[in-house]
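Listed below, chain by chain, are the residues.
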Amino acid sequence: MNVQPYSGLRAYLLGTSQTSASEGRWSVERTLFDRAAGTRGTFTGVVIFSETDDGGGLRFHEEGTVRWPASGGGTFAGPATREYLLRPTDSPDALDMTFPDGRPFHRMSFSADSSQDQHWCDPDTYRVTYALLGPDAFSYVWDVTGPRKDLLLESVLRRQTVPGEAPQGPGELSSTS
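Read on for an overview of the structure. (Residues numbered from 1 in each chain as written. Predicted model: local features only at pLDDT ≥ 70, side-chain atom pairs only at ≥ 80, totals over all residues. Heavy atoms only, no water.)

1. Here we look at the pattern of salt bridges
Item 1. Overall, the coordinates contain twelve salt bridges when judged by the stated rule.
Item 2. With a shortest N-O distance of 2.9 Å, Arg82 and Glu62 are connected by a salt bridge. Taken together, the residues Arg82 in strand E4 (residues 75-88) and Glu62 in strand E3 (residues 58-69) connect sequence positions 20 residues apart.
Item 3. Here Glu62 falls in the buried class, since its relative accessible area comes to 3%. (Salt bridge = Lys/Arg side-chain N within 4 Å of Asp/Glu carboxyl O. Helix = DSSP H or I, 4+ residues; strand = E, 2+ residues; numbered from the N terminus. Buried < 20%, exposed > 50% of the residue type's maximum accessible area, 1.4 Å probe, protein only.)

This is the structure in structure tokens:
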């Protein structure tokens, strides 16, 4: 008997299987490359996916530390956070990401036909590609181009498991590789 532990992207992010979980915790490591200036930085922290009050969506909360070359030399290091909302779509393997005020951002998916999307942020274009790396890891890459920005942001997220808990696979989710 082949039991699928996940039924879609929402369940994968929360880490639910046969039991219900209201929160999924992921470590995040991001490299930041400003191609125009030739500078590199990093972001390390945690992403918490939690259920919204309406029961269908998820909150995306990211917090951690950004490190970036300082203008006077050395490195700036400081806290950074961001918030998004993920809303169900007509496919269980995709979620629409919006800003907290409800403005659309992009679609999140690992499926081959939906793993890439883009967002116009006048005057620059943000292109994102998601990839499933394994049962407890995924990545996304933002390629930002335009007259104001020329950035490459690469993020890898790894599921944080409770001690003694076995990692759980993505079930029906498919990789783009």
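2. Quick word on the pairing of strand E1 (residues 23-34)
Each regular strand displays side chains that alternate between the two surfaces of the sheet.
Item 1. Of the two faces of E1, only the one carrying Gly24, Trp26, Val28, Arg30, Leu32 and Asp34 is buried; Glu23, Arg25, Ser27, Glu29, Thr31 and Phe33 on the other face are not.
Item 2. Turn length for the E1-strand E2 (residues 39-51) hairpin, with the two strands adjacent in sequence and antiparallel, is four residues, and the turn residue Gly38 shows positive phi of about 75 degrees.
Item 3. Pairing analysis gives nine bridges linking E1 to strand E10 (residues 150-159), with the strands arranged antiparallel. Looking across to E10, one finds that Glu29 is bridged to Val156. (Pairing = 2+ DSSP bridges.)

3. Considering unusual backbone geometry
Item 1. Between Asp122 and Pro123 the backbone carries a cis peptide bond, its omega angle lying at 10 degrees.
Item 2. Of note, Pro123 is situated in the loop between strand E7 (116-121) and strand E8 (124-134).

4. Comments concerning empty space enclosed by the protein
Item 1. Taken as a whole, this structure holds one cavity of 30 Å³ or more when the rule is applied.
Item 2. Around the largest cavity, the lining residues are Phe60, Arg82, Tyr84, Met97, Phe105, His106, Met108, Tyr130, Phe138, Tyr140 and Trp142.
Item 3. Within the residue set of the lining of the largest cavity, elements represented by two or more residues are E4, strand E6 (104-109) and strand E9 (137-145). (1 Å grid on protein atoms, 1.4 Å probe; cavity = no way out; pocket = protein on both sides within 12 Å on 5 of 7 lines; lining within 4 Å. Points joined across faces, edges and corners; volume = space filled by probe spheres on them.)

5. A closer look at the packing of aromatic side chains
Item 1. Inspection of the entire model under this criterion finds 14 aromatic pairs.
Item 2. A ring pair is formed by Tyr12 and Trp26, whose centres lie 5.5 Å apart and whose planes are at 55 degrees; its orientation type is tilted. Of this pair, Tyr12 sits in helix H1 (residues 9-14) while Trp26 sits in strand E1, and the two are 14 residues apart along the sequence. Each member of the pair, Tyr12 together with Trp26, is buried.
Item 3. Put simply, the rings of Phe49, Phe60, Tyr84, Phe99, Phe105, Tyr126 and Trp142 touch in pairs and so form one group of aromatic residues.
Item 4. Residue placement shows Arg159 over the ring face of Tyr12; its charged tip is 5.0 Å from the ring centre. (Phe/Tyr/Trp six-rings, centres within 6.5 Å; stacked < 30°, edge-to-face > 60°. Lys NZ or Arg CZ within 6 Å of the ring centre and 35° of its normal.)

6. Some words on the environment of Leu85
Item 1. Along the polypeptide, Leu85 turns up in strand E4.
Item 2. Judged by relative accessible area, which is 16%, Leu85 ranks as buried.
Item 3. Considered as a pair, Leu85 and Ser50 are 35 residues apart in the sequence and their alpha carbons are 9.7 Å apart.
Item 4. Setting aside its immediate chain neighbours within four residues, Leu85 contacts Thr52, Leu58, Arg59, Asp96, Met97, Thr98, Phe99 and Pro100. (Contact = heavy atoms within 4.5 Å.)

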